[in-house]
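# Per-entry structural report
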Amino acid sequence: MKKLWTFKGGLKLPGFKKISNPASVNKIPIPDNIILPLRQHIGEPAEPIVDVGDQVYKGQPVAISKSLISASVHASTSGIVTDIGKYTIPHQSGVSEMCIVIKTDQKDQWHPNIESNLDPDNLDTEELCARIREAGIVGLGGAVFPSAVKLKATRQIDTLIINGAECEPYITCDDALMQNRADDVVQGILLLRRLLNPAECIIAIEDNKPQAIDALQVSIKKFKEKGIGSVAAIDVIPIPTIFPTGGEKQLIKVLTGKEVPRNGLPYEVGVICLNVGTSAAIRNAIYEGIPLVSRYVTVTGVMVQRPANFEVLIGTPVQDVIKAAGGEKSDRYEIIMGGPMMGQLLPHQQIPVVKATNCILVQDIKSENEANVMPCIRCGSCASACPMSLLPQQLYWYAKEKSFQKLQHYNLSDCIECGCCAVVCPSRIPLVQYFRFAKSEQREHEFKTKLSEQSRIRAQMRDFRLERIKREQQERKARRKAERLKKKAASDKASKPLADKELSAG
Amino acid sequence: MAILILTLLALIFGIALGYFAIRFRVEGDPVVEQIDALLPQTQCAQCGFPGCRPYAEAIATQNAEINQCPPGGDDGIKAIADLLGREVVPLNPDNGTANDNLRMVAVINEETCIGCTKCVQVCPVDAIVGAAKQKHNVIDEYCTGCELCIPPLCPVEDCIQMQPVEVTISNWKWSLPVQPNKESVA
């Protein structure tokens, strides 16, 4: 039995996972329109390579990554591009970004270039990485960092962690994936092992998902019987169900006892962490040549008719997904993309499912009594719940005051916005909202400081230039005057003998 | 004897002081530098001085009040008051009003620009490019929003306008949550 560590804080939360049965996954009808944001990942947006009016096929790249940290976007079904413009993206702000809109033709026709049996066992690591990049694969656990960039890390990797923790309440899409596509997950891990060559390889699953643990163990056994010896190195490890154990830093602590340094990345402590969904997507890209065009999404919550897991095409509007789940129960609801702890409230239903979307939660609107905020009584519950060992009550005061130095001193930037502090707060203070507010204020402050520093230099340079021009003008003037004088003196000299003569003559 | 020792000491310290004054000489007035660092560097001249640095010099020599900088706003006044150990005073309305909202930048309408170069010459941070009888344009990442270039300087009525910077996910801001209900305490 592997030794496990614990991380400080965290909460045992009610799961609500049975609501959306993870044992089966449903298909949903192809929507009329697909909206594909060009930035569904961390980094630079992809650049469109199709025009309005073009016919596109399923799996065809419609926007490609040009910079290092970026990911391509593919048409998730066949149809005609009707618009390339700004549409609301799934983000709390409700801002719009560039999207490609495809009017679907319901044929779901694959692009002819998509071919399976690419002989994956003979691909070298360079080629594997290139294909993962071309397939537009990003971390599907929520951070959506381009996977190919992550896998290129040059340092020696001791531990490869496949994250199947899924610690947020309500969400079961990773559970559904592990139960229904265990073989794909394992094959993906074998590819990752070839790429990274780690000493150990762990699939971490919270112990509230025994079916998923079983499914993966059965799959590993099956591969072993088939004579694929390398699967023996994969360990399926059940971990205690404590939110947010699925957070990258928390999971690494639980499994290895190592702590990722501040502002650091896991590979600095010899660990790489990938979501189970990412592993399955990598398998599909390498074995079948299929880019990231769909994902499992949990539709759940008390206000939805038939909660379930669905395989959803990327770009499907939320409205169509909820419709497939039977629609809303009444009109007093709110839609959250993600889980109840860290998800984002959606302003409307025309927002598309993106690569990061793991859950659509249709909730009852919180009653006013529940939202009644009381003053902080300094009980310290938030500090003991914080999984990052921060002091939320202090951060709360400084966030209100916008004391940027203090916030930095109390390590606001380490906050992962998990929401544990807000859940335990007896005064119901929306602490995470304060921290998000403070983070965006801090970002703006940094931007302003940078801008003012730049302006100072530019203004100074302009002054120097104006002074130089003035000086040069004066010098020119002086030079001209000197030349004039010299000329005059010369002409005087030339005329002087004459004058003398004249004088003598006179 | 005592006189001799004291004279000797005075001589030694005098030499030391003279040496350190040269060795650790501070260029310029450090207070001006510190005040200048707190000013927003908009170079808008709303304070009545030609730029941020002249205003900083004026504050340092007590020729100007600390509440004459509208872009710095109340936060800026507070920062300067803290530095100089002065009272915090409200912004002088004669100098203008603070704009805490969105960052504004100048935008030139290329259709109506006549290429007079007036704005190019006045821009304190060289954020406008253009030559005589050529269309001008603003490099918005350098624009401080000082409003020196807008009419009446610009001779064309609908050419240069101040516009808010577009909101994207990288500059969008969360709002401050609703404050605790004071009545519920009582």
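No experiment lies behind these values; they were computed from the predicted model shown. (Residues numbered from 1 in each chain as written. Chains lettered and ligands numbered in written order. Predicted model: local features only at pLDDT ≥ 70, side-chain atom pairs only at ≥ 80, totals over all residues.)

## Some remarks on the overall build of chain A
The condition that has to hold: The numbering of helices and of strands both runs from the N terminus, where a helix is a DSSP run of H or I of at least 4 residues and a strand a run of E of at least 2. For a compact globule the rule gives 2.2 Å times the number of residues to the power 0.38, and the radius of gyration it is set against comes from C-alpha atoms. Neighbour counting defines burial: a residue surrounded by 20 or more other C-beta atoms within 10 Å of its own C-beta is buried, one with 12 or fewer is exposed, and intermediate counts give partly exposed, using backbone-placed C-beta atoms. Throughout, a residue-residue contact means that the two C-beta atoms, derived from backbone geometry, are no farther apart than 7 Å.
Tallying secondary structure elements over chain A gives 13 helices and 17 strands in all. Relative to its length of 506 residues, chain A is extended, with a C-alpha radius of gyration of 31 Å against a globular reference of 23 Å. Along the three orthogonal principal directions, the C-alpha set of chain A runs to about 130 × 65 × 50 Å. Within chain A, the proportion of its 506 residues that are buried is 44%. Considering only contacts within chain A whose residues lie at least 6 apart along the sequence, 73% involve residues at least 24 apart.

## Thoughts on the packing of helix α4 (residues 182-196) of chain A against helix α5 (residues 210-225) of chain A
Angle between the axes and distance between the axes: these two values describe a pair of packed helices. All names here are of chain A. Under the convention used in this document: The convention used is that axes are lines fitted to C-alpha atoms, helices contributing only their stretch in contact, and that angles between N-to-C directions extend from 0 to 180 degrees. For classification purposes, an angle smaller than 35 degrees is called roughly parallel, one larger than 145 roughly antiparallel, one from 65 to 115 roughly perpendicular, and anything else oblique. Each helix crossing is assigned a hand: it is left-handed if the near helix lies turned anticlockwise from the far helix by less than a right angle, otherwise right-handed if that turn is clockwise. Under the convention adopted here, Pro, Cys and the residues Ala, Val, Leu, Ile, Met, Phe, Trp and Tyr are nonpolar, Asp, Glu, Lys and Arg are charged, and Gly plus all remaining residues are polar.
For the pair α4 and α5, interaxial distance at closest approach is 9 Å and the crossing angle is 60°. When the axis of α4 is compared with that of α5, the two are oblique. Relative to α5, α4 is oriented so that their crossing is right-handed. Along the contact surface, α4 presents A182, D183, V185 and V186, while α5 presents A215, L216, V218, S219, I220 and F223. Class assignment for the residues of the contact of α4 with α5 results in eight nonpolar, one polar and one charged.

## What about the sheet that holds strand β1 (residues 25-27) of chain A?
Residue and element names in this part refer to chain A. Worth spelling out the cut-off: Between any two strands, at least two bridges found by DSSP are needed for them to pair.
Read across the sheet, six strands follow the order β1-β14-β13-β17-β15-β16 without closing on themselves; strand pairing throughout is mixed. Two strands close off the open sheet at either side, each with one partner strand: β1 and β16 (344-345). As paired elements, strand β13 (residues 294-300) and strand β17 (residues 359-364) share three bridges and run parallel to each other. Within the sheet, the bridge partner assigned to T300 lies in β17 and is L361. Packed on one face of the sheet, helix α3 (residues 173-180) meets β1, β13, β14 (308-313) and β17 and runs near 125° to β13.

## Remarks on the environment of B:L153
Tracing the sequence through the fold places B:L153 in the loop between β3 (137-138) and β4 (160-164). What B:L153 contacts, discounting residues up to four positions off in sequence, is B:K118, B:C119, B:V122 and B:L148.

## Some details on the domain arrangement of chain B
Residue and element names in this part refer to chain B. Counted only if it meets this: Here the limits of each domain have been adopted from an automatic or database domain assignment.
The domain architecture assigned to chain B consists of domain 1 (1-100) and domain 2 (101-166). Each of domain 1 and domain 2 has a C-alpha centre, and these two points are 32 Å apart. Listed per partner, the contact involves eight residues of domain 1 and eight residues of domain 2. Of the residues in the side of domain 1 that touches domain 2, the class split is two nonpolar, five polar and one charged.

## A look at the interface of chain B and chain A
Residue-level contacts link 23 residues of chain B with 21 residues of chain A. Split by residue class, the side of chain B that touches chain A holds 13 nonpolar, eight polar and two charged.

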